[in-house]
Amino acid sequence: QVQLVESGGGLVQPGGSLRLSCAASGSNLSFYVMGWYRQAPGKQRELVAGITSTGNTNYEDSVKGRFTISRDNAKNTVYLQMNSLKPDDTAVYYCKVRAMRTDGPGGADYWGQGTQVTVSS
């Protein structure tokens, strides 16, 4: 029902920047909450940042001031601008959306395939 296409991961030096994007598509759906999670080796998946359709945001403490989440509602796309990257930011980053039906009640969460971000010199 819902397709998520992630892009933007890669290898970057400490202090560098990357911009992740995630485009969502589906019929008769509104993507109320869109966000990014990450999972490092040996660790559980954690929320990095989230954003609502009206622009309200929240961030994990370690990325505040360095990462910025935004969205383009016309394109159903969420972005994560990552600046001042650190080796500890190395992880697989996953896009997640909460899709609500516009033609009736109900909804569900959907996950992207993940994109690798590696911060290393």
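Each value, and the rule that gives it
- Residues numbered from 1 in each chain as written.
- Predicted model: local features only at pLDDT ≥ 70, side-chain atom pairs only at ≥ 80, totals over all residues.
- Heavy atoms only, no water.
- Patch = residues over 30% accessible without salt bridge, like charges linked within 9 Å, V, L, I, M, F, W, Y side chains within 5 Å.
- Areas by Shrake-Rupley, 256 points an atom, 1.4 Å probe, with all protein chains shown as cover.
- Salt bridge = Lys/Arg side-chain N within 4 Å of Asp/Glu carboxyl O.
- Helix = DSSP H or I, 4+ residues; strand = E, 2+ residues; numbered from the N terminus.
- Buried < 20%, exposed > 50% of the residue type's maximum accessible area, 1.4 Å probe, protein only.
- Core = buried A, V, L, I, M, F, W, Y, C linked by side-chain atoms within 4.5 Å.
- Contact = heavy atoms within 4.5 Å.
- Disulfide = S-S within 2.5 Å.

### Considering a nonpolar patch on the surface
Here is step 1 of the chain: On the surface, a cluster of nonpolar side chains totalling about 240 Å² of accessible area is made up of Tyr32, Val33 and Met100.
Here is step 2 of the chain: Mapped onto the secondary structure, Tyr32 falls in strand 4 (residues 29-39).
Here is step 3 of the chain: Classification of Tyr32 by relative accessible area gives partly exposed; the value is 43%.

### Quick notes on the nonpolar core
Here is step 1 of the chain: Grouped together as the largest cluster of nonpolar side chains are 30 residues, with contacts concentrated most on Trp36, Leu80, Met82 and Tyr93.
Here is step 2 of the chain: The set of elements that each furnish at least two residues to this core consists of strand 3 (18-25), strand 4, strand 5 (46-52), strand 7 (67-72), strand 8 (77-82), strand 9 (91-101) and strand 11 (115-119).
Here is step 3 of the chain: If one sorts the elements of this core by residue count, strand 9 sits on top with five residues.

### A look at the pattern of salt bridges
Here is step 1 of the chain: Counted under the stated rule, the structure contains seven salt bridges.
Here is step 2 of the chain: With a closest N to O distance of 3.0 Å, Arg38 and Asp89 form a salt bridge. Taken as a pair, Arg38 in strand 4 and Asp89 in the loop between strand 8 and strand 9 lie far apart in primary sequence, 51 residues in all.
Here is step 3 of the chain: Relative accessible area serves as the criterion here: at 7%, Arg38 is assigned to the buried category.
Here is step 4 of the chain: Beyond isolated ion pairs, a larger network of salt bridges with shared partners links Arg38, Glu46, Arg66 and Asp89.

### So, the side chain of Thr115
Here is step 1 of the chain: Take Thr115: it is sitting in strand 11.
Here is step 2 of the chain: The residues contacting Thr115, other than those within four sequence positions of it, are Glu6, Gly9, Leu20, Ala91, Val92 and Tyr93.

### Focus: the environment of Val5
Here is step 1 of the chain: Residue position: Val5 is located in strand 1 (residues 3-7).
Here is step 2 of the chain: Between the C-alpha atom of Val5 and that of Thr115, which follows or precedes it by 110 residues, the distance is 10.0 Å.
Here is step 3 of the chain: Every residue in contact with Val5, bar those within four places of it in the chain, is listed here: Ser21, Cys22 and Ala23.

### As for the state of the cysteines
Here is step 1 of the chain: On inspection of all chains with the given rule, the structure shows one disulfide.
Here is step 2 of the chain: Here Cys22 connects covalently by a disulfide to Cys95, the sulfurs 2.1 Å from one another. Negative torsions about the S-S bond denote left-handed disulfides, and the value of about -80° found for Cys22 with Cys95 makes this one left-handed. Taken together, the residues Cys22 in strand 3 and Cys95 in strand 9 connect sequence positions 73 residues apart. For the pair Cys22 and Cys95, a shared accessibility class is recorded, and that class is buried.

So far we have only geometry, and geometry alone does not tell us how the molecule works.
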